[in-house]
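Coordinate analysis (summary)
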Amino acid sequence: MKRIGVFTSGGDAPGMNACVRAVVRAAVYHGLEVYGIMRGYSGMIKGEFVRMDSASVANTVQRGGTILKSARSQKFMTKEGRQQAFDQLVNNGIEGLVAIGGNGTFTGATIFEQEFGIPTVGAPGTIDNDLYGTDYTIGYDTAVNTALEAIDKIRDTADSHDRCFFVEVMGRDSGYIAIPCAIGGGAEIVMVPETAMSVEAVIETLQNSYSRHKTSFIVIVAEGEEEGNVHNVARRVKAALPQLDTRVTIVGHIQRGGSPTAADRLLASQLGIAAVEGLMNGMKNVMAGIVDRKLMYTPFDDTIHKRKVINQSFMRMVEILSV
Ligand code: F6P
């Protein structure tokens, strides 16, 4: 293999640039030519390729977002779109790909390889940390710290005004962001999709805390929570406990931006290098990840179909610490 391409796809995540930088520099180090593919699969279809060298990723390790931009491509989901992407890669002599993204990205790469034989090695780039095959995804640590910073600020107002705040954090259909936010942010309750918690149980916990003369409360609600959205939860609690002065805050897309933490820069750098070396060693349809501090390559099929399990003892910790 002489020439590879690298792209970012799906939702952007802090540390994606550090990963692109690691891919480019590892490729240069090993004597490969490397092209940046702009806007993920969408740019691949259109042939938006940029030759990259060591200097093109200078001063990017600390930057949020992705210099390669990102997109979710409908066209790549069609055979015709994938054929166009393949033609563009062949015309530009690109023989292998590093994909930085999540499950949607890896699903596309798997189908593409099966149809056209272009090998892809992935690096997990998503704030959601919902990928099987790595303990942490690139961007997760930064997103949790961003959300925590917001929650600390919300707590100031909750405390000053004796209020009950319902705070929604991201995570798609996982509670990985919500749980450390609840533990680190001193929340009374955390609602996550992985564990059934009824609004009635939330009401009972808040009622008990109120009876113990607590005056301010934080309830963290993961966006994928099954009891409905955060406004719905807050409305039902207020109806049952009118004595509470309730407010809702959605932390939102600030969780996706910002300069990556040290942990994310390190992870992104490690996995970027691992992805290039995996490709060079003939790997395909696998994601580089860190499991129990060891580098692992997990088949895309497992990252897509297996579910990473949330440690239930964390839920108990929230209960104990909010007593
Ligand atoms: O996957 C990252 C993520 O931020 C999820 O947590 C969230 O559900 C989704 O993307 C939001 O997507 P969009 O930026 O398209 O609104």
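As the structure is a computational prediction, the values presented were derived from the model and not from experiment. (Residues numbered from 1 in each chain as written. Predicted model: local features only at pLDDT ≥ 70, side-chain atom pairs only at ≥ 80, totals over all residues. Heavy atoms only, no water.)

Neighbouring the ligand are R72, T126, I127, D128, M170, G171, R172, E223, H253 and R256. D128 is positioned such that a nitrogen or oxygen atom in its side chain is 2.6 Å from an oxygen atom of the ligand. One of the side-chain N or O atoms of R172 is found 3.1 Å from an oxygen atom in the ligand. Relative to its free-state accessible area of 400 Å², the ligand is covered by the protein chains to the extent of 74%. With respect to the detected pockets, the ligand is housed in the largest pocket. Here the residues of the shell around the ligand are counted per class, giving two nonpolar, three polar and five charged. Split by domain, the shell around the ligand shows at least three residues from each of two domains, domain 1 (3-139 + 260-305) and domain 2 (143-255). (Near = heavy atom within 4 Å. Polar contact = N/O pair within 3.5 Å; in protein donor to acceptor, adjacent residues only side chain to side chain. Areas by Shrake-Rupley, 256 points an atom, 1.4 Å probe, with all protein chains shown as cover. 1 Å grid on protein atoms, 1.4 Å probe; cavity = no way out; pocket = protein on both sides within 12 Å on 5 of 7 lines; lining within 4 Å. Sits in = over half its atoms within 2 Å of the grid points. Nonpolar A, V, L, I, M, F, W, Y, C, P; charged D, E, K, R; others polar. Domains from an automatic or database assignment.)

All right, on to the packing of aromatic side chains then. Counted under the stated rule, the structure contains eight aromatic pairs. Three or more aromatic residues link up through ring pairs in this structure, and these residues are F7, Y41, F76, F86, F112 and F116. Positioned over the ring face of Y176 is K308, at 5.1 Å from the centre of the ring. (Phe/Tyr/Trp six-rings, centres within 6.5 Å; stacked < 30°, edge-to-face > 60°. Lys NZ or Arg CZ within 6 Å of the ring centre and 35° of its normal.)

Here the focus is the nonpolar core. Core analysis: the largest hydrophobic core is formed by 61 residues, its most contacted members being I177, V190, I218 and I220. Split by domain, this core shows at least three residues from each of two domains, domain 1 (3-139 + 260-305) and domain 2 (143-255). Core analysis: the next-biggest nonpolar cluster, separate from the first, contains 22 residues, Y35, F76, F86 and F116 among them. (Core = buried A, V, L, I, M, F, W, Y, C linked by side-chain atoms within 4.5 Å. Buried < 20%, exposed > 50% of the residue type's maximum accessible area, 1.4 Å probe, protein only.)

Glancing now at the domain arrangement of the protein. When the domains of the protein are assigned, the result is domain 1 (3-139 + 260-305) and domain 2 (143-255). Relative to domain 2, the C-alpha centre of domain 1 lies at a distance of 35 Å. Taken together, the contact between domain 1 and domain 2 spans seven residues of the former and ten residues of the latter. Of the roughly 650 Å² buried at the junction of domain 1 and domain 2 (both faces included), carbon and sulfur atoms supply 50%. Taken together, the connections running from domain 1 to domain 2 amount to one salt bridge. Between R172 and D128 there is a salt bridge; the shortest N-O distance is 3.7 Å. Linking domain 1 with domain 2 are two residue pairs in polar contact (both at pLDDT 80 or more), by the criterion used here. (Contact = heavy atoms within 4.5 Å. Buried area = accessible area lost by both parts, 1.4 Å probe. Salt bridge = Lys/Arg side-chain N within 4 Å of Asp/Glu carboxyl O.)

One can describe the packing of helix α7 (residues 199-211) onto helix α8 (residues 230-240) by two numbers: an axis separation of 10 Å at closest approach and a directional angle of 50°. Classified by the interaxial angle, the pair formed by α7 and α8 is oblique. The hand of the α7/α8 crossing is right-handed. Contacts between α7 and α8 involve V199, E200, V202, I203 and L206 on the former and, on the latter, V233, R236, V237 and A240. For the contact of α7 with α8, the per-class residue count stands at seven nonpolar, no polar and two charged. (Axes fitted to C-alpha atoms, helices over the stretch in contact; angles between N-to-C directions. Helix = DSSP H or I, 4+ residues; strand = E, 2+ residues; numbered from the N terminus. Parallel < 35°, antiparallel > 145°, perpendicular 65-115°, else oblique. Left-handed = near helix turned anticlockwise from the far one by under 90°.)

Let's shift gears to the pattern of salt bridges. Per the stated rule, a full pass over the model turns up 14 salt bridges. We note a salt bridge from E113 to K284, for which the minimum N-O separation is 3.1 Å. Here E113, found in helix α4 (residues 103-116), pairs with K284, found in the loop between α9 (262-280) and β10 (286-291); they are 171 residues apart in sequence, far enough to count as distant. Here the residues in one salt-bridge network are R163, D245 and R247, joined through shared partners.

Reading across the sheet, the seven strands line up as β3-β2-β1-β4-β5-β10-β11 and stay open at both edges, with mixed pairing between neighbours. Pairing within the sheet leaves two strands with one partner each, and these edge strands are β3 (49-52) and β11 (294-299). Geometrically, the sheet is characterised by an average inter-axis angle of 30° between neighbouring strands, direction not taken into account. Two elements, strand β1 (residues 3-8) and strand β2 (residues 33-37), share four bridges in a ladder whose sense is parallel. In the sheet register, V6 faces β2, and the bridge partner there is G36. (Pairing = 2+ DSSP bridges.)

On to the packing of helix α3 (residues 79-91) against α4, then. Two elements in contact, α3 and α4, have axes whose closest approach is 11 Å; the angle formed by their N-to-C orientations is 70°. One finds that α3 runs roughly perpendicular with respect to α4. Note on element contacts: α4 touches α3 through I111, F112, E115 and F116, opposite K79, R82, Q83, A85, F86 and L89. Residue composition of the contact of α3 with α4, by class: six nonpolar, one polar and three charged.

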